[in-house]
Amino acid sequence: MIPGLVQILLWQGAGELVSHFFLPHIPGPVVGLVMLMCYLVVRDRVPDSMAVVSDAFSQHLGLLFVPAATGVILFLPQLRQHAWAVVLALLGSVILTIAVTALVLKFAGPGADGE
Amino acid sequence: MVNKRLPIQEIWVYLSGSPLLALILTLTAYQIGHVLYMRSQRNPLVNPVAIAVLLVAVCLEVLDMPYAKYFEGAQFVHFLLGTATVSLAIPIYRGLSGLKGRVFPLLLALVAGGLTSIISAVGIAHWLGADQAILGAMVSKSVTAPIAMGVAERLGYSPTLTAVFAVITGILGAILARFVLNGLGMKAWWQRGFAIGVAAHGLGTSRAFSVHPEAGTYASLAMGLHGILGAVAIPMLAGYIPTF
């Protein structure tokens, strides 16, 4: 597990550097993600130690945004004031996004006949 | 003076000064949320993040602890978001094999879905009179939360509201996807999975995995690609979006 974590941290560091010097509008971790993905494609396999770390993270990804999301308490008055706008925007948007994505797939692709 | 026992307040002052309290609060609250989620057979309504946020918020209120002070300790958890983002490369890599022969429709659907999510969310919220902070946070809410927050931070939108909207979007998507997709007569698992992944990122993906493995693989591919696309394209589009 540790070798995997070290490697992922190094990719994160490399991503931060590239982002800082060359791609200032893309967050460093995303640059790291893309570089790591290219590395995996070249290597053609995921090292076990890295897979362990990644599975642990994806299983409990939610935990990591609890501290930031709790900041919602600072926005409560604002959210209450615009409650309808927020609820309807989120609801409408998620339904439309699912529908549009699905319909494009249905009419744009091979194998659209389904199973 | 002869009194050797530590008054409760002193213990309290000591504890609340260290990151430990915030970390205990965060992890315990999440643990409770996770146990409830598992007990409910992974019902999307019983979302562990939403429960954890509620519990932490109530604790902060009861303890009279300012949010800034809580975050000082909890930032150690928060920091790992970046590392978790990098590690998303692994599920995306695993899903890449699913692209075979379907690159064109999948990418087209991804771009269409991504644009729809931004335009519809910002459009509806603006139409109903939401303010600038809320509109900004709507922009990246369909992108997976760790990436969405990074993007929001760079663009000067609130990462907090973005995270909250992203979590709510995930919950709504996980619940509603089935009805929308059935209503449209979508049958292929890969198409259903991909649509859920584009719209409702992590929560939608875990929902898709619980329904069918093929749907799950495509959902996680969609979530990852949407994350990358969002991080690259949203900053470029941002100049055009909230000019209301």
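Heads up: the structure comes first, above all this text.
Here is a short report on the structure shown in this document. (Residues numbered from 1 in each chain as written. Chains lettered and ligands numbered in written order. Predicted model: local features only at pLDDT ≥ 70, side-chain atom pairs only at ≥ 80, totals over all residues.)

## Focus on the overall build of chain B
The condition that has to hold: Put simply, DSSP marks the helices as runs of H or I at least four residues long and the strands as runs of E at least two long, and each gets a number from the N terminus on. Partly exposed residues are those falling between the two cut-offs: more than 12 but fewer than 20 other C-beta atoms within 10 Å of their own, whereas 20 or more means buried and 12 or fewer means exposed, with C-beta atoms placed from the backbone.
Across its full length, chain B holds 11 helices and 0 strands. Listing the helices and strands of chain B from first to last along the sequence gives α-α-α-α-α-α-α-α-α-α-α. Projected onto the principal axes, the alpha-carbon positions of chain B cover approximately 80 × 45 × 30 Å. Looking at chain B residue by residue over its 244 residues, the buried ones come to 53%.

## Considering the overall build of chain A
The test is simple: Radius of gyration: over C-alpha atoms. The globule rule applied is 2.2 Å multiplied by the number of residues raised to the 0.38 power. Contacts are defined on C-beta atoms placed from the backbone: any two residues whose C-beta positions lie within 7 Å are in contact.
Along chain A, the regular secondary structure elements total 7 helices and 0 strands. Listing each helix as α and each strand as β along chain A from the N terminus yields α-α-α-α-α-α-α. The C-alpha radius of gyration of chain A comes to 20 Å, more than 25% above the 13 Å expected for a compact globule of 115 residues. Judged by the C-alpha coordinates and their principal axes, chain A covers about 50 × 50 × 30 Å. Burial statistics for chain A: of 115 residues in total, 43% are counted as buried. Long-range pairs, those at least 24 residues apart, make up 41% of the contacts in chain A between residues at least 6 apart in sequence.

## A word on helix α10 (residues 189-211) of chain B
All names here are of chain B. Note the cut-off: What a helix is expected to span follows from its residue count: subtract one and scale by 1.5 Å. What the bend at a residue measures is the angle between two axes, fitted to the seven residues ending there and to the seven starting there.
Across its 23 residues, α10 extends only 9 Å between first and last C-alpha, which sits more than 12% below the 33 Å expected from 1.5 Å per residue. Approximately 145° is the largest bend angle found in α10, and it occurs at His201. For α10, the buried fraction is high: 20 of the 23 residues fall into the buried class.

## Description of the interface of chain A and chain B
To be explicit about the condition: Each residue receives one of three labels: charged for Asp, Glu, Lys and Arg, nonpolar for Ala, Val, Leu, Ile, Met, Phe, Trp, Tyr, Cys and Pro, and polar for the others, Gly being one of them.
Between chain A and chain B, the residue contacts involve 70 residues of the former and 90 residues of the latter. If you list the elements that add at least two residues to the side of chain A that touches chain B, you get α1 (2-21), α2 (28-43), α3 (48-59), α4 (61-64), α5 (66-69) and α7 (83-108) of chain A. In terms of residues, the side of chain A that touches chain B owes the most to one element, α7(A), which gives 23 residues. For the side of chain A that touches chain B, the per-class residue count stands at 49 nonpolar, 19 polar and 2 charged.

## Here we look at the nonpolar core
As a reminder of what qualifies: Throughout this description, the term nonpolar core refers to a group of buried Ala, Val, Leu, Ile, Met, Phe, Trp, Tyr and Cys residues whose C-beta atoms join them within 7 Å.
The biggest cluster of nonpolar side chains holds 112 residues, and the ones touching the most others in it are A:Val66, A:Ala69, A:Ile98, B:Ala125, B:Met138, B:Val167 and B:Phe194. Residue contacts for B:Phe194: discarding those within four places in its chain leaves A:Thr101, A:Leu105, B:Leu106, B:Ala109, B:Tyr218, B:Ala219 and B:Ala222.

## Some points on the environment of A:Thr101
Mapped onto the elements of the fold, A:Thr101 is located in helix α7. Judged by local crowding, A:Thr101 falls into the buried class, with 32 C-beta atoms found within 10 Å. A sequence separation of 67 residues divides A:Thr101 from A:Val34, and the C-alpha atoms of the two residues are 23 Å apart. Apart from residues no more than four positions distant in its own chain, A:Thr101 is found in contact with B:Ala109, B:Ala112, B:Gly113, B:Phe194, B:Ala195, B:Val198 and B:Ala199.

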